[in-house]
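Here's the letter readout for the chains.
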Amino acid sequence: MKKKYWYDYLWIVTILYFTLGFFNILFAWLGMIMFILPLLFAIIGGNKLYCNKYCDRSRLFELLGGRFSLNMAPPPFLRSTWFRYGFLAFFLTMFGLMVAYTYQVFTGAPLRETVTLLWTFKLGWSTAGVSSVTPWVAQYAYGFYGVMLTSLVLGLATRVLYRPRSWCVYCPMGTMTQGICKIKHRNDAK
Ligand code: SF4
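Residues numbered from 1 in each chain as written. Predicted model: local features only at pLDDT ≥ 70, side-chain atom pairs only at ≥ 80, totals over all residues. Heavy atoms only, no water.

Below, the discussion takes up the packing of helix H4 (residues 56-64) against helix H7 (residues 135-161). Between H4 and H7, whose axes approach to 11 Å, the crossing angle comes to 30 degrees. Overall, the two elements H4 and H7 adopt an arrangement that is roughly parallel. Relative to H7, H4 is oriented so that their crossing is right-handed. Along its contact with H4, which presents Arg57, Leu60, Phe61 and Leu64, the element H7 presents Met148, Ser151, Leu152, Gly155, Leu156 and Arg159. (Axes fitted to C-alpha atoms, helices over the stretch in contact; angles between N-to-C directions. Helix = DSSP H or I, 4+ residues; strand = E, 2+ residues; numbered from the N terminus. Parallel < 35°, antiparallel > 145°, perpendicular 65-115°, else oblique. Left-handed = near helix turned anticlockwise from the far one by under 90°. Contact = heavy atoms within 4.5 Å.)

Written out as structure tokens, the structure reads:
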């Protein structure tokens, strides 16, 4: 039996994160750690160690394995540069719009106590703890949780059709860190 390491259990982080955020949206801010860490690994180390070992999301997909999955090979277009970078551009644009609305709330716009799933569906969400912080802090939490939930749902849907870690083929974070590593290695080689 394959020896287990502590990072094999990082899938717990995903479960905890979404559970805590379900009851108190302010926990969504913890997701910034999962957002910044892969970038730091890529920028400082020039590697994808985060993806290869420490990503809680991919650990969850590995844990689920081939269960409830058609286990097909991902279609070639998912791996294509145009699709991966196009999806990254779309993801970053939606992220930018979320940040822009947070700024509007900072300048007086009303707080929207909803989580947006798949950039379309507005889900009413718990307001627990929201009154204890300034509105823009809560707005960012709602927006960021929507981003994280959307990527989780896309990842789960992808693994139902394809192999367990097929989401990693076009995950925006994976595309970004791969791009950073390429640039870093090119510069180091000069
Ligand atoms: S590609 Fe995305 S989901 Fe996959 S390991 Fe990297 S950060 Fe995690």
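Next comes the rest of the write-up.
Our next topic: the site of the ligand. Taken together, Cys51, Cys55, Ser58, Arg165, Trp167, Cys168, Cys171, Met173 and Gly174 form the complete shell of residues around the ligand. Of all the secondary-structure elements, those providing two or more residues to the shell around the ligand are helix H8 (167-170) and helix H9 (172-189). Here the residues of the shell around the ligand are counted per class, giving 6 nonpolar, 2 polar and 1 charged. (Near = heavy atom within 4 Å. Nonpolar A, V, L, I, M, F, W, Y, C, P; charged D, E, K, R; others polar.)

With that settled, consider the confidence of the model for the chain. Confidence along the chain averages 95 in pLDDT terms, with 100% of residues attaining 70 or more. Within the chain, H9 has the poorest average pLDDT of any element, 91, and helix H1 (residues 11-23) the best, 98. (pLDDT = per-residue confidence, 0-100.)

Every buried residue of H4 is accounted for by Asp56, Arg57, Ser58, Arg59, Leu60 and Phe61. On its buried face, H4 sits against H1, helix H2 (31-45), helix H3 (49-54), H7 and H8. Among the residues trailing H4, glycine 65 stands out with phi positive, at a value near 55 degrees. (Buried < 20%, exposed > 50% of the residue type's maximum accessible area, 1.4 Å probe, protein only.)

An α-helical turn contains 3.6 residues, so a residue and the one three or four places further along point in the same direction. For H1, built from 13 residues, the straight-helix expectation of 18 Å at 1.5 Å per residue is met to within 8% by its first-to-last C-alpha distance of 19 Å. By the burial criterion, the buried members of H1 are Thr14, Tyr17, Phe18 and Gly21. All buried residues of H1 lie within an arc of 85 degrees about the axis, which places them on one face of the element. Those residues of H1 that are buried lie in contact with H2, H4 and H7. (Expected span 1.5 Å × (residues − 1). Arc of directions from axis to C-beta.)

Moving on, we come to the nonpolar core. Of all hydrophobic cores here, the largest spans 42 residues; its most connected members are Tyr17, Ile25, Phe144 and Tyr145. If you list the elements that add at least two residues to this core, you get H1, H2, H4, helix H6 (81-106), strand E1 (114-117), H7, H8 and H9. Looking at which element gives the most residues to this core, the answer is H7, with 11 residues. Aside from chain neighbours lying at most four places away, what touches isoleucine 25 is Val115, Trp125, Ser126, Ala128, Val130, Ala141, Tyr142 and Tyr145. (Core = buried A, V, L, I, M, F, W, Y, C linked by side-chain atoms within 4.5 Å.)

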